[in-house]
Amino acid sequence: MSQIRSLGDSNVHFNATTKEFDSEVLNLIDPFIYEWTVQRKGSISVEHGIGYKKTKYLHCNKMDAAIGLMKSLKQLMDPNGKLNPY
């Protein structure tokens, strides 16, 4: 059902598959993976940024002040929201 694709760079890329899309499985896996990672002092997103799927979990790794700074920098560098709009 799952596989670890890459561990050489100290990052684990987790993939879980089902025969068909199953929102129930997705809703169980995402919170589990993020909580498990945070409990072990890991990060849910590193070199690629947070993306749009993980924004609701950003608070697991970043303090409110850091999130505010990130939003301020995004606004400063990309006021029209054209670079990575998510």
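Up top is the structure.
In this report, we go over the structure that sits alongside the text. Given the structure is predicted, the values throughout are model-derived calculations rather than measurements. Within each chain, residue numbers correspond to sequence positions counted from 1 in written order. Reporting of local features is limited, given that this is a predicted model, to residues whose pLDDT is at least 70; pairs of side-chain atoms are given and counted only at 80 or more, and all residues count toward the totals for whole chains, interfaces and linings. Hydrogen atoms and water are omitted, and side-chain values are computed over all heavy atoms in the structure.

### Some thoughts on the overall build of the protein chain
For step 1, the next point in the chain: Where helices and strands are cited, they refer to DSSP runs of H or I of at least four residues and of E of at least two residues respectively, numbered from the N terminus. Secondary structure summary: the protein chain contains two helices and two strands in total.
For step 2, the next point in the chain: Secondary structure of the protein chain in N-to-C order comes out as β-β-α-α.
For step 3, the next point in the chain: Burial status across the protein chain gives 12% buried among its 86 residues.
For step 4, the next point in the chain: Contact between two residues is taken to exist if any of their heavy atoms lie within 4.5 Å; hydrogens are not considered. Here the analysis covers contacts within the protein chain between residues at least 6 apart in sequence; of these, 16% occur between residues at least 24 apart.
For step 5, the next point in the chain: Note on areas: these come from Shrake-Rupley sampling with a 1.4 Å probe, and a residue is covered only by the protein chains present in the view. For the protein chain, the exposed area adds up to about 7,400 Å²; of that, 57% sits on carbon and sulfur atoms. Accessibility here uses a 1.4 Å probe with only protein chains present; expressed as a share of the type maximum, an area under 20% marks a residue as buried, one over 50% as exposed, and anything in between as partly exposed.

### So, helix α1 (residues 23-39)
For step 1, the next point in the chain: An expected span of 1.5 Å times one less than the residue number is assigned to each helix. Taking 1.5 Å per residue, 17 residues should reach 24 Å; α1 reaches 24 Å between its end C-alpha atoms and fits that length.
For step 2, the next point in the chain: For α1, the set of buried residues is Ile-29, Tyr-34 and Thr-37. Along the axis of α1, the buried positions cluster into a sector of 115°, meaning they face one direction only. Seen from the buried face of α1, the exposed residues on the opposite side, beyond 90 degrees, are Glu-24, Asn-27, Leu-28, Phe-32 and Gln-39.
For step 3, the next point in the chain: The inward-facing, buried residues of α1 contact β2 (14-16).
For step 4, the next point in the chain: Capping the start of α1 is the job of one residue whose side-chain oxygen sits 2.9 Å from the backbone nitrogen of Glu-24: Asp-22.
For step 5, the next point in the chain: Downstream of α1 by a residue or two, Lys-41 has a phi angle that is positive, lying close to 65°. In this description, the arc belongs to the directions extending from the helix axis to the C-beta atoms. A 3.5 Å cut-off defines polar contacts: any pair of N or O atoms within that distance qualifies, except that in protein one atom must be a possible hydrogen donor and the other a possible acceptor, and neighbouring residues in sequence count only when both atoms are side-chain atoms.

### Re the environment of Pro-85
For step 1, the next point in the chain: Along the polypeptide, Pro-85 turns up in the segment after α2 (64-77).
For step 2, the next point in the chain: The class for Pro-85 is exposed, based on a relative accessible area of 55%.

### Here we look at a nonpolar patch on the surface
For step 1, the next point in the chain: Grouping into patches uses exposed residues only, defined as over 30% relative accessible area, and leaves out salt-bridged ones; the cut-off is 9 Å for like charges and 5 Å for nonpolar side chains (Val, Leu, Ile, Met, Phe, Trp, Tyr). By definition here, a salt bridge exists when the distance from a side-chain nitrogen of Lys or Arg to a carboxyl oxygen of Asp or Glu is within 4 Å. A contiguous nonpolar patch, built from Leu-69, Leu-73, Leu-76 and Met-77 and spanning about 460 Å² of accessible area, is present on the exposed surface.
For step 2, the next point in the chain: Of note, Leu-76 is situated in helix α2.

### Here's the deal with the side chain of Asp-78
For step 1, the next point in the chain: Here Asp-78 lies in the segment after α2.
For step 2, the next point in the chain: Among the polar contacts made by the side chain of Asp-78, one reaches the main-chain amide nitrogen of Lys-82 at a distance of 3.0 Å.

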